[in-house]
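# What the coordinates show
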Amino acid sequence: MTSSLSALDDAAVVAGIAAWARVESPTHDAAGVNRAMDLVAAEAGEAGLATERIAGRDGLGDSILLRAGRGSQDRGILVLSHLDTVHPVGTLARDLPVRVDGDRLYGPGVYDMKGGAWLAFQAFKEVARAGRAALPLTFLFTPDEEIGSPTTRAIIEDLGRNSAYVLVTEPGRDGGKVVTSRKGVGRFVVEIEGRPSHAGTRHADGRSAIREAAHQILAIEGLTDYARGVTTNVGSISGGTAENVVPQHCRFTVDLRVETHADGEAYSNRILGLSPVGDGLRLRVTGGMNRPPYERSPETGRLYEQARAFAGELGFALGEVPRTGGGSDGNFTAALGIPTLDGLGIDGDGAHTLQEYGLISSVRPRMRLMARLLEELH
Ligand SMILES: [Zn+2]
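To start, this report covers the structure provided alongside it. (Residues numbered from 1 in each chain as written. Predicted model: local features only at pLDDT ≥ 70, side-chain atom pairs only at ≥ 80, totals over all residues. Heavy atoms only, no water.)

### A short note on empty space enclosed by the protein
Think of a ball as big as a water molecule: rolled over the atoms, this probe shows where empty space is left. Scanning the model with the defined rule gives 1 cavity of 30 Å³ or more in all. One number sums up the size of the largest cavity: a volume of about 40 Å³. Along the walls of the largest cavity sit Leu 80, Ser 81, His 82, Met 113, Thr 142, Glu 145, Val 168, Glu 170 and Asp 329, which together make up its complete lining. Of the residues forming the lining of the largest cavity, the biggest block, 3 residues, is contributed by strand 3 (residues 76-82). Among the residues forming the lining of the largest cavity, the class breakdown is 3 nonpolar, 3 polar and 3 charged. (1 Å grid on protein atoms, 1.4 Å probe; cavity = no way out; pocket = protein on both sides within 12 Å on 5 of 7 lines; lining within 4 Å. Points joined across faces, edges and corners; volume = space filled by probe spheres on them. Helix = DSSP H or I, 4+ residues; strand = E, 2+ residues; numbered from the N terminus. Nonpolar A, V, L, I, M, F, W, Y, C, P; charged D, E, K, R; others polar.)

Written out as structure tokens, the structure reads:
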């Protein structure tokens, strides 16, 4: 099977992923993200794939949609990859140049997730070329996953509803394990307005927004319940103007993670329902659940078992990680009840750090696994 995949050696794997990693594509740099999309479009064109480019909006990059396989009315297989990274332009030249060290390929986005996007794309092209897929195949490359997919969520959900299976190429974990459940993610902004006054002469007249924030932050962080799988994190804060002014304003952001839809609703409501502790202060909370929880359904369990069996035939063990705290675009499709298997990308480590790398030896086995899934799921 998949003859041209077998012809790819390590040098070709490194060259292919390195070429994608060298096109820096932080989410908010639409031009950079679009240059990464250009690489996909050019390769898809050479492969003769039906390619649709969906224009970006709200200042973000474009998406690319590829279709292959049978043009039937059957619900097919959707592959999801994002080409944006968290690394600002300049990371490549300064802190994380593309380089090989033994089995490790370093570079911005190599692990999360250009390595996975690249390997899945090679498998997709091969299966499309050979015309062997049992189901219609769709591949969506997105520009904004790292900021919660604000401009592509609706596209992902529309495609997901018409799919029998969703395969997500986020990185493999802990020795290449795949992901079958993820926590849901909520994002909130808390803005507090107090009353400014001179900290020396008029202290009693002031209503400190920062003091109020301190109360609220402890209350919010106190919602963390590890046994329940619920965490809250106040991740950034700003406020006040000077040492000698009782502060009028304070603003902070909250990250909420939950395991179930019910907790997503309950904890969101608790955060949105916060009220001021002190008199004479105003509290405004905005936000809500950004990604719904990705709960492991029996159908997703069966999809994993199928993938594990294919991997076994290909000569490697495919483990499954316990529920992970990080969200992905798989959360959207899993929440719609579509069997979703994630973590099918490259193995490695260091996501979102300057030590990010992918394991070169993990690419070809996982490429073959992706090809098997695309060919044989039915
Ligand atoms: Zn990612």
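From this point, the discussion proceeds with the structure in view.
### Structural notes on the coordination of the zinc ion
Here the zinc ion is held by the protein donor atoms His 82 (NE2), Asp 112 (OD) and Glu 170 (OE), which lie 1.9 to 2.1 Å from it. Taken in sequence order, the residues that donate to the zinc ion follow the motif H-x29-D-x57-E. On the criterion of sequence distance, the pair formed by His 82 in strand 3 and Asp 112 in helix 5 (residues 110-130) is long-range, its members being 30 residues apart. For Asp 112, a relative accessible area of 8% gives the class buried. (Donors = N, O, S within 2.8 Å, 3.2 Å for Na, K, Ca; no water. Buried < 20%, exposed > 50% of the residue type's maximum accessible area, 1.4 Å probe, protein only.)

### Side note on helix 6 (residues 153-161)
Burial in helix 6 covers these residues: Ile 156, Glu 157, Leu 159 and Gly 160. The buried residues of helix 6 occupy an angular sector of 165° when the element is viewed end-on, so they sit on one face. Where helix 6 is buried, its residues contact strand 2 (63-68), strand 3, strand 6 (137-142), strand 7 (163-168) and helix 10 (330-335). (Arc of directions from axis to C-beta. Contact = heavy atoms within 4.5 Å.)

### A closer look at the layout of surface pockets
In this structure, the largest pocket encloses a volume near 380 Å³. For the largest pocket, the lining is made up of 20 residues, of which Glu 145, Glu 146, Gly 326, Gly 327 and His 352 are closest to its centre. Contributing elements (two or more residues each) for the lining of the largest pocket: helix 5, strand 9 (184-193) and strand 14 (282-291). In terms of residue class, the lining of the largest pocket is built from 6 nonpolar, 5 polar and 9 charged.

Just geometry here; none of it tells us what the structure is for.
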